[in-house]
Amino acid sequence: EDMQNFKLHAKDLSSMCNIVINETFNSINTISVAVEVLEAFHFLARTEEICDCLLKQAHRVRILFVRKCDLLRSEFDERRRDSAAKESFEPRLAGAAQWAQSMSEYMEHYWNLLNHSECKIV
């Protein structure tokens, strides 16, 4: 009977951990915070259920990264169209290359965060 109670309470604890993990990730909007929280919970992942929950959250972090890439790509295309449409005395591509380089470094930073995380995100 004691063993059954222990197993029941361990399963309840695992379910509560899953709820806490899911609720925590519902309010996260940035990649760097998501990676930090994922690494913090990775430390607690001892059961298969918690590991599965963390894998789902890692997938959400990858989706967050892809959405950010898509957003930057559409912003890049929009800026390129706008600079081509404007006719002024300024050079047509003034600052565009610098902006693109900074966005490339920005996304590379996040990619490195995902790659060097303690838990497998990518």
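Located above this text is the structure these notes cover.
Figured I'd write up the structure that's included with this text.

Reading guide: rules and limits
- Within each chain, residue numbers correspond to sequence positions counted from 1 in written order.
- Given that this is a predicted model, residues contribute local features only at a pLDDT of at least 70 and side-chain atom pairs are listed and counted only at 80 or more, while totals for whole chains, interfaces and linings are drawn from all residues.
- Excluded from the side-chain calculations are hydrogens and water; all other atoms, namely the structure's heavy atoms, are used.
- For helices the rule is a DSSP run of H or I covering at least 4 residues; for strands it is a run of E covering at least 2, with both sets numbered from the N terminus onward.
- Throughout this description, buried means an accessible area under 20% of the type-specific maximum (1.4 Å probe, protein chains only), exposed means over 50%, and partly exposed covers the range between.
- In this analysis, two residues are considered to be in contact whenever any of their non-hydrogen atoms come within 4.5 Å of each other.
- Method for areas: the Shrake-Rupley scheme with a 1.4 Å probe, in which residue coverage is limited to the protein chains shown.
- Nonpolar core, defined: a set of buried Ala, Val, Leu, Ile, Met, Phe, Trp, Tyr and Cys residues in which side-chain atoms within 4.5 Å join the residues together.
- Only the stretch in contact is used when a helix axis is fitted, and all axes are lines through C-alpha atoms; the angle between N-to-C directions ranges over 0 to 180 degrees.
- Roughly parallel here means an angle under 35 degrees, roughly antiparallel means over 145, roughly perpendicular means 65 to 115, and every remaining angle is called oblique.
- Under the convention adopted here, Pro, Cys and the residues Ala, Val, Leu, Ile, Met, Phe, Trp and Tyr are nonpolar, Asp, Glu, Lys and Arg are charged, and Gly plus all remaining residues are polar.
- Every helix has an expected span of 1.5 Å times one less than the residues it contains.
- For this quantity, the arc is that covered by the directions from the helix axis to the C-beta atoms.
- Definition used for salt bridges: Asp or Glu carboxyl oxygen within 4 Å of a side-chain nitrogen of Lys or Arg.

1. Notes on the overall build of the chain
Across its full length, the chain holds four helices and zero strands. Counting across all 122 residues of the chain, residues that qualify as buried make up 24%. Taking the intrachain contacts of the chain between residues at least 6 apart in sequence as the baseline, contacts between residues at least 24 apart amount to 68%. Carbon and sulfur atoms make up 56% of the accessible area of the chain, which amounts to about 9,300 Å² in all.

2. Concerning the nonpolar core
The biggest cluster of nonpolar side chains holds 22 residues, and the ones touching the most others in it are Ile-21, Phe-25, Leu-38, Leu-54, Val-61, Leu-114 and Ile-121. For this core, the secondary structure elements donating two or more residues are α1 (2-26), α2 (31-42), α3 (48-85) and α4 (96-115). Considering each element in turn, this core owes the most residues, seven residues, to α3. Non-local contacts of Val-61, meaning those with residues more than four positions away in its chain, are made with Phe-25, Ala-34, Val-35, Leu-38, Leu-114 and Ile-121.

3. A short note on the packing of α1 against α2
Packing of α1 against α2 leaves a shortest axis separation of 11 Å and a crossing angle of 170 degrees. Viewed along their axes, α1 and α2 adopt a mutual orientation that is roughly antiparallel. Residues Val-20, Ile-21, Thr-24 and Phe-25 of α1 form the contact with α2, whose own contacting residues are Ala-34, Val-37, Leu-38 and Phe-41. Across the contact of α1 with α2, the residue classes tally to seven nonpolar, one polar and no charged.

4. Let's talk about α2
Compared with the 16 Å implied by 1.5 Å per residue over twelve residues, the 16 Å span of α2 between its first and last C-alpha is a close match. Looking at α2, one finds that the buried residues are Ile-31, Ala-34, Val-35, Val-37, Leu-38 and Phe-41. Down the axis of α2, the buried side of the element spans an arc of 165 degrees, and every buried residue falls inside it.

5. Quick look at the pattern of salt bridges
All told, the structure shown has two salt bridges when counted by the stated rule. A salt bridge links Glu-49 to Lys-11; the nearest nitrogen and oxygen atoms lie 3.1 Å apart. On the criterion of sequence distance, the pair formed by Glu-49 in helix α3 and Lys-11 in helix α1 is long-range, its members being 38 residues apart. Residue Glu-49 is classed as partly exposed on the basis of its relative accessible area, which comes to 34%. Taking the relative accessible area as the measure of exposure, Lys-11 reaches 48% and is therefore partly exposed. Of the charged contacts in the structure, one is a salt bridge between Asp-77 and Arg-73, with a shortest N-O distance of 3.3 Å. On the criterion of helical spacing, the pair formed by Asp-77 and Arg-73 is a turn pair, its members being four residues apart in helix α3. You can call Asp-77 buried: its relative accessible area is 17%.

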